[in-house]
Amino acid sequence: MDTEDLELEIEEELPGQMAFFPEEEVPHAPKPPEKEAHVPKMKAPDLTHPPFICILLCDILSQMGGKLPSDWLYDIMVGAGHINYFMYEDVTGFLLENSMAEEVPDKNGVMQYCLLDKGRQCAKLLRLYVPKMYRDAVLLTALRYEARQKALRDLDITCEQTDTDWVLRVTGKDQEREMFGLQIHAPTEKDAQSLGECILRNPAGFFGRVLEMILTNEEEQYDLSDN
């Protein structure tokens with residue numbers, strides 16, 4: 001895998017000496033504007049370089065326990081817009097052909113990308129070649145995607161239209177047994193879906209706070225001093 005060294009050429013300016021001799025003193029003469037310092041702007045490398053993406057995929061698989069369902073990895077990289085379909089196909093093909101990863105079914109028949117030794121070494125030794133901004137962005141996408149998929153396994157979320165509005169129904173399950181249910185009315189389908197997305201951000205935290213409010217709910221205190 002070839003890497004290119006990027007060199008940033010900074011032009012140096014050698015300011016000459018300037019002297020100003022006013023003909024007569026002006027009490028409140030405006031000062032000439034100071035020349036702005038020349039600060040070179042460094043542009044982050046574009047995430048279209050195949051070696052970068054190859055290292056990044058190995059790193060993400062390593063960070064996520066060494067394996068991910070194939071459709072998860074596709075959604076994380078392509079569905080979220082980090083890279084395009086063609087680049088994804090090229091790089092995953094490279095990983096498979098070079099024994100850096102393998103695609104195998106799990107016990108339920110779901111295809112998964114599993115990192116092999118060469119891929120682990122790639123992630124370990126070369127991950128810092130990928131700028132941190134890209135590593136952080138993709139890892140955050142992966143963590144959020146994984147949390148969402150786990151939530152969807154335990155929750156059944158549907159949006160249904162009524163005569164006057166839309167209803168968001170959320171059902172919590174434990175091994176196919178219904179544990180709780182929540183019904184929220186919203187004026188439009190978009191509003192109902194938005195509420196569902198908010199719950200999916202952290203369903204455990206949401207229902208934990210609801211349960212805490214129920215357990216700590218107290219009777220309203222009445223002032224009888226003037227009775």
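Procedures and definitions
Residues numbered from 1 in each chain as written. Predicted model: local features only at pLDDT ≥ 70, side-chain atom pairs only at ≥ 80, totals over all residues. Heavy atoms only, no water. Pairing = 2+ DSSP bridges. Helix = DSSP H or I, 4+ residues; strand = E, 2+ residues; numbered from the N terminus. Axes fitted to C-alpha atoms, helices over the stretch in contact; angles between N-to-C directions. Contact = heavy atoms within 4.5 Å. Buried < 20%, exposed > 50% of the residue type's maximum accessible area, 1.4 Å probe, protein only. Parallel < 35°, antiparallel > 145°, perpendicular 65-115°, else oblique. Nonpolar A, V, L, I, M, F, W, Y, C, P; charged D, E, K, R; others polar.

Judged by pairing direction, the sheet is antiparallel, and its three strands sit side by side in the order E4-E5-E6 without closing on themselves. Unpaired on one side and paired on the other, strand E4 (155–161) and strand E6 (177–186) mark the two borders of the sheet. For this sheet, the mean angle separating the axes of adjacent strands, direction not counted, is 15°. The strands touched by helix H6 (residues 189–201) within the sheet are E4, strand E5 (166–174) and E6, with E5 carrying the most contacts at an inclination of about 25°. Here helix H7 (residues 203–216) sits on the sheet and contacts E4, E5 and E6; the angle it forms with E6, its principal contact strand, is near 85°.

All right, on to the environment of Pro187 then. With respect to the helices and strands, the residue Pro187 is situated in the loop between E6 and H6. Relative accessible area serves as the criterion here: at 63%, Pro187 is assigned to the exposed category. In sequence terms Pro187 and Val167 are 20 residues apart; their C-alpha atoms lie 8.6 Å from each other. The contact partners of Pro187, leaving out residues within four places of it in the chain, are Asp165 and Trp166.

Mapped onto the elements of the fold, Thr171 is located in strand E5. Excluding its chain neighbours within four sequence positions, the residues that come into contact with Thr171 are Asp154, Leu155, Asp156, Glu178, Phe180 and Gly181.

This part is about the packing of helix H1 (residues 50–63) against helix H4 (residues 117–126). Two elements in contact, H1 and H4, have axes separated by 8 Å at closest approach and are oriented at 100°. Taken together, the axes of H1 and H4 lie roughly perpendicular to each other. Counted together, Ile55, Cys58, Asp59 and Ser62 of H1 and Gly119, Cys122, Ala123 and Leu126 of H4 form the full contact between these two elements. A breakdown of the residues in the contact of H1 with H4 according to their chemical character gives five nonpolar, two polar and one charged.

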